[in-house]
Amino acid sequence: MAADRFYGFLAGEKSKVYTVSADGGTPREMMPEDSSNNTTLPGRPMEQNCLRRSPADPNAVIRVLDVGSHQISTLPDSKGFFSSRWSPDGRHLVAMSFTSRSLMLFDFATQKCEEIAKITMGFPNWSKSGDYVYFLHREDQPSVMRIRIRDRKIERVADLKNFRQTGFYTVGLAMAPDDSPLLLRDTGTQEIYSLDWQAP
């Protein structure tokens, strides 16, 4: 049966990891015995999930939950990293440093990690092919950038200098199926639109 995983929280409570049937139903805690403050990010479907402590914790580590056995392991050399993302083929994982100024690449075959970029960044996203990791850069020239995994080449994809961003975490970045960057634009209170919509 297909299922989805997510994390949720109530005010004043720690976040918890849940799974729920794709057909609906009651969410079930994946780790009711785990008392640490974890959030979850997408893992390989129905196999593993990446778990981490809050990014405000410089002692954060990335942990891997085996969905089938409920066994949790810590990713080697992952202290101080967060915002982990699995590659589409499940062979690699990227994560940002606590300062959001470098990107780590972990190779599951060799069980080793290396720093592949030193640049301020946020919201890393793998391309559909797994050849690139896209991210937001905001420090000197706001833009969408990407790094090519093969040779670590970094290039600017879109200039956001005059683009007023917004999002749940102030800003945000996601990817469309064709690898086009998806952003939310803050239109403020000066641009008012009317939309008439009729259901088919």
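Below, the structure is looked at part by part. (Residues numbered from 1 in each chain as written. Predicted model: local features only at pLDDT ≥ 70, side-chain atom pairs only at ≥ 80, totals over all residues. Heavy atoms only, no water.)

Observations concerning the overall build of the protein
The following threshold applies: Secondary structure counts use DSSP, requiring at least four H or I residues in a row for a helix and at least two E residues in a row for a strand, with both numbered from the N terminus. Any residue under 20% of the maximum accessible area for its type is buried, any over 50% is exposed, and the rest in between are partly exposed; the area is computed with a 1.4 Å probe on protein chains only. Here a residue-residue contact requires only that any non-hydrogen atoms of the pair lie within 4.5 Å. Residue exposure ignores everything except the shown protein chains as possible cover, and the areas themselves are Shrake-Rupley values with a 1.4 Å probe.
Helix and strand counts for the protein stand at zero helices and 19 strands. Across the 200 residues that make up the protein, the buried fraction comes to 40%. Nonlocal contacts in the protein, meaning residues at least 24 apart in sequence, comprise 27% of its contacts between residues at least 6 apart. Carbon and sulfur atoms make up 51% of the accessible area of the protein, which totals about 12,200 Å².

Points about the packing of aromatic side chains
Here is the rule we go by: Each Phe, Tyr or Trp ring (for Trp, its six-membered ring) is paired with any other whose centre lies within 6.5 Å, and the angle between the two planes then decides the class: stacked below 30 degrees, edge-to-face above 60, tilted in between.
The final tally for this structure, using the stated rule, is three aromatic pairs. With 4.7 Å between their ring centres and 15° between their planes, Trp-86 and Phe-108 make a pair best called stacked. One end of the pair, Trp-86, is in strand β8 (residues 81-86); the other, Phe-108, is in the loop between β10 (103-107) and β11 (112-117), and 22 residues separate them in sequence. Residue Phe-108 is classed as buried on the basis of its relative accessible area, which comes to 18%.

What to know about the nonpolar core
Basically, it comes down to this: By convention a nonpolar core is built from buried Ala, Val, Leu, Ile, Met, Phe, Trp, Tyr and Cys residues, the set being connected through side-chain atoms within 4.5 Å.
Membership of the largest hydrophobic core comes to 15 residues, with the highest contact counts inside it found for Leu-103, Met-121, Val-133 and Ile-147. Phe-81, Leu-93, Met-104 and Phe-108 belong to the second largest nonpolar core, which has ten residues in total.

Some remarks on the pairing of strand β6 (residues 62-66)
So the rule is basically this: We treat two strands as partners when DSSP finds at least two bridges between them.
β6 sits mainly inside the fold: four of its five residues count as buried. When β6 meets strand β7 (residues 72-74), the two strands line up antiparallel, connected through three bridges. Across the sheet, residue Val-64 finds its bridge partner in β7, namely Ser-73. The turn linking β6 back onto β7 is made up of five residues, and His-70 within it adopts a positive phi angle of 65°.

Observations concerning the sheet that holds strand β12 (residues 122-126)
Where we set the bar: Here an axis means a line fitted to C-alpha atoms, over the contact stretch when the element is a helix, while the angle between two N-to-C directions is reported on a 0 to 180 degree scale.
Read across the open sheet, the four strands follow the order β12-β13-β14-β15; overall the sheet is antiparallel. Each end of this open sheet is capped by a strand with a single partner; those strands are β12 and β15 (154-159). Ignoring which end each strand starts from, the neighbouring axes of this sheet average 25° apart. Examined bridge by bridge, strand β13 (residues 132-137) and strand β14 (residues 143-148) share six bridges and lie antiparallel to one another. Of the residues in β14, the one forming a bridge with Phe-135 is Met-145.

Topic: the sheet that holds β11
With antiparallel pairing, the four strands of this open sheet are ordered in space as β8-β9-β10-β11. What marks the edges here is a single partner per strand, and that holds for β8 and β11. Neighbouring strand axes in the sheet, compared pairwise and without regard to direction, differ in orientation by 30° on average. Bridge count between β8 and strand β9 (residues 92-97): four bridges; the pairing is antiparallel. The residue of β9 that forms the bridge with Trp-86 is Leu-93.

Comments concerning the pattern of salt bridges
As a reminder, the rule being used: The rule for a salt bridge is simple: a side-chain nitrogen of Lys or Arg has to be within 4 Å of a carboxyl oxygen of Asp or Glu.
Under the definition given, this model contains six salt bridges. The salt bridge partner of Glu-155 is Arg-146, with a shortest N-O separation of 2.6 Å. We note a salt bridge from Arg-150 to Asp-151, for which the minimum N-O separation is 4.0 Å. Here the salt bridges do not stand alone but share partners, grouping Arg-148, Arg-150 and Asp-151 into one network.

Some thoughts on the pairing of strand β2 (residues 16-21)
In this sheet, strand β3 (residues 28-29) lies alongside β2 in antiparallel orientation, the contact comprising two bridges. Paired with Thr-19 across the bridge in β3 is Arg-28. Here β2 folds back onto β3, and the loop between the two strands holds six residues, one of which, Gly-24, carries a positive phi near 100°.

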